[in-house]
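Geometric and topological summary
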Amino acid sequence: MDLSVIKYCQIKNNACFLNGENIFQSSEEKTADKSLVELYRSRKIKYPKFFKMDKLAKTGFLAVDILLENTELYGTEPKYNTGIFLLNSSASLDTDEVYLETIGDNYFPSPSVFVYTLPNIVMGEISIRHKFFGENIFFVSSKKNNFAFYDYVNQAFIDNQMKYAIVGWVDYYRQKSDALVMLIKKQDKETELKFEKNTILNLYK
Amino acid sequence: MFIYLKSNNIISPLGFSTEENFTSVKSGKTGVKYYASDTLGVSENFCASIIDNELLDSKFSLISEKKLPKFEKMAILSVFNATKNTSVKLSDKKTLFILSTTKGNIEYLKENKSNSDNSEVFLGYSAKIIAEFFGNTNEPLVISNACISGLTAAITAKRLLKTGNYDNIVVVGADVVTKFVVSGFQSFKALSEQTCKPFDAQRSGLNIGEAAATAIFSAVKTEKELAPGTIILENEAITNDANHISGPSRTGAGLFLGLDKILKNGDNEISFINAHGTATPYNDEMEAIAFTGAGLENVPTNSFKAYFGHTLGAAGILELIMSAVSLQNNLLIKSLGYEKNGVSKPLNIITKTQEKTLNSCIKTVSGFGGCNAVGLLKKIPD
């Protein structure tokens, strides 16, 4: 099945790009997590739960929120035919390191930290925010161009009669956020940007 | 196209082969034991199902001299045992490895001080060690989707086989019992200090378990090509509750959607349900509501959690294999730990292991992040 990329949003090195256009740039001295909060404020998003999220979830939440702005998927109308398929290399290691400190000499494990030691929580946050009841899977791979991941997304479209999918890379580890998420659908015009391995690799650059 | 279970293995405290595990379960044995808090350095005593390290080492040393962490040893040994009597070429370009795990090598995690190196804790690193052990050079895929990882990995295998780009997919699910995980579940007050009691009135939480389980899936074009007794993954669904990140939906909405999707397509004769059944108050209640909503309240239902504990990333695949073997043996397995109904919508919980002609079953899992997965297994008739 031919799929096309409708929109894409990238968060990298304290900057945010929508369809390749720079829409946000934080000063380089800012830490990545402070810059995520600044990005949140710059988009005038009203969602206090954002501040409780770990950094991986903040990264994915923002990338997807900005991606979905001005689309029919934005908001709390229940959606059953949208899939979310994300990939990264560090899983939840950034928060794993935070949690580890809470079970050392000063033993005081916290459930609100522990829950984020699962990378798929970011998809839970996105699903709650926009009421996505459809399929979602968190994949991990040391490579961005994991071919099986793209094979999976294609087949999931065929099997599930999905209307849309939110697909891409969402990573955060040791003060580096790196996300590229795409909104994809079945292609109906030749002119649209095709969802193909090579297109994706070009977008990552 | 039909996706079938070609070969499998389970490694747990109940055995190092699927047969050993199934025999133990048939006789009502459990791998769950009591541990004092200082065993792991956590704050409270706990019950868990833990593989004996010396036994694992001695079994592993028969296949390799490599020094590897417990996680990789379990996973490699499980894949090795699963392929002993098969023609599956693990090194083939059209064989793909999928690793299903929540925390992998997390016990080796070091604190983030002066840029300590945690590269061996990356899940992709572990997946490569496992695939490369068998000479497979494809980039492996890891699925880390909380407690639904294992079933999600089986569903992923099905989808990938349907593309025609792969001949065999090796799904290996594994997780180890660590201070990291036990302390976390204790902080949620989710662990029981006794062997867990799924769906029972006295249930007080779950037990963590460690296991590695391997399922090798392959595809055929027509059902006729499959021998009687072969198990196929007939239908599947993955859904999200879109409700809460650390608790299941009170209404069972996400799980219901998944069940509804499966029951809508095809015939509805379900021989039994193998539930997630973790024995936490909320999970079992949510499942009872969803099963009843889907009209499944009279279908014989069990949970394997009191035999193996909650084996996290291995659970979906381990329990899928146990369900498949139940189908093949025409044996309904007793839901260990259950005495008296403890959910608001009573289910037909299996209280005695018994013979019965079985044709198909539903496997469900649910997890943190609001995720649910449902699989429908069918047996090729005689």
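The residue numbering used here restarts from 1 in each chain and proceeds along that chain's sequence as written. Just so you know, chain letters begin at A and ligand numbers begin at 1, following the order they were written in. This being a predicted model, a pLDDT of at least 70 is required before a residue's local features are given, and a value of 80 or more before pairs of side-chain atoms are given or counted; all residues contribute to the totals for chains, interfaces and linings. Only heavy atoms go into the side-chain values, all of them from the structure, while hydrogens and water stay out.

Quick look at the pairing of strand β2 (residues 15-18) of chain A now. Residues and elements named next belong to chain A. Pairing between strand β1 (residues 3-12) and β2: 4 bridges, direction antiparallel. From the neighbouring strand, glutamine 10 faces β2, where its bridge partner is phenylalanine 17. Strands qualify as paired when DSSP identifies two bridges or more between them. By definition, any uninterrupted DSSP run of H or I lasting at least four residues is a helix, any uninterrupted run of E lasting at least two residues is a strand, and each is numbered from the N terminus. Here β1 hands over to β2 after 2 residues, with asparagine 13 in that stretch at a positive phi of 45°. The pairing of β2 with strand β3 (residues 21-25) spans 4 bridges and is classified as antiparallel. The residue of β3 that forms the bridge with leucine 18 is glutamate 21.

A separate point is the side chain of Glu287(B). Residues and elements named next belong to chain B. You can see glutamate 287 is positioned in helix α8 (residues 281-293). Between buried and exposed lies partly exposed: a residue is buried under 20% and exposed over 50% of the maximum accessible area for its type, with that area taken using a 1.4 Å probe on protein chains only. Working convention for charge: Lys and Arg count positive, Asp and Glu count negative, and His plus the chain ends are omitted. What makes a salt bridge here is a side-chain nitrogen of Lys or Arg within 4 Å of a carboxyl oxygen of Asp or Glu, nothing more. Summary of buried charges: glutamate 287 has no salt-bridge partner, and the nearest side chain of opposite charge, lysine 363, is 6.6 Å away. Excluding its chain neighbours within four sequence positions, the residues that come into contact with glutamate 287 are Phe199, Leu255, Ala275, His276, Gly277 and Thr364. Should any heavy atoms of two residues lie within 4.5 Å, those residues are considered in contact.

Attention now goes to the domain arrangement of chain B. Residue and element names in this part refer to chain B. Where each domain starts and ends follows an automatic or database-derived domain assignment. Here chain B is described as being made up of domain 1 (2-220) and domain 2 (228-379). Here the C-alpha centroids of domain 1 and domain 2 sit 20 Å apart. Across the contact, 63 residues belong to domain 1 and 64 residues belong to domain 2. Across the domain 1 to domain 2 interface the summed buried area is about 5000 Å²; carbon plus sulfur atoms make up 73%. If you look at where domain 1 meets domain 2, you find 4 salt bridges. Throughout this description, a polar contact denotes any pair of N or O atoms lying within 3.5 Å of each other; where both atoms belong to protein, one of them has to be capable of donating a hydrogen while the other can accept it, and for residues adjacent in sequence the pair is counted only when both atoms sit in side chains. There are 23 residue pairs in polar contact (both at pLDDT 80 or more) connecting domain 1 and domain 2. Going through the elements one at a time, β1 (2-11), α1 (18-26), α5 (149-162), β6 (168-175), α6 (179-187), β7 (208-209) and β8 (211-220) are the ones with two or more residues in the side of domain 1 that touches domain 2. A per-element tally of the side of domain 1 that touches domain 2 places α5 first, with 8 residues. Residues were grouped as follows: Ala, Val, Leu, Ile, Met, Phe, Trp, Tyr, Cys and Pro as nonpolar; Asp, Glu, Lys and Arg as charged; and all remaining residues, including Gly, as polar. Residue composition of the side of domain 1 that touches domain 2, grouped by class: 31 nonpolar, 23 polar and 9 charged. Values labelled buried area give the accessible surface lost by two parts on being combined, using a 1.4 Å probe and summing over both.

What follows covers the sheet that holds strand β3 (residues 46-49) of chain B. Residue and element names in this part refer to chain B. With respect to topology, 3 strands assemble into an open sheet ordered β2-β3-β7, the strand pairing being mixed. Each of the sheet's edge strands pairs with one partner strand only, and the pair in question is β2 (32-35) and β7. Of the strand pairs in this sheet, β2 and β3 are connected by 4 bridges, and their pairing is antiparallel. Paired with tyrosine 35 across the bridge in β3 is phenylalanine 46.

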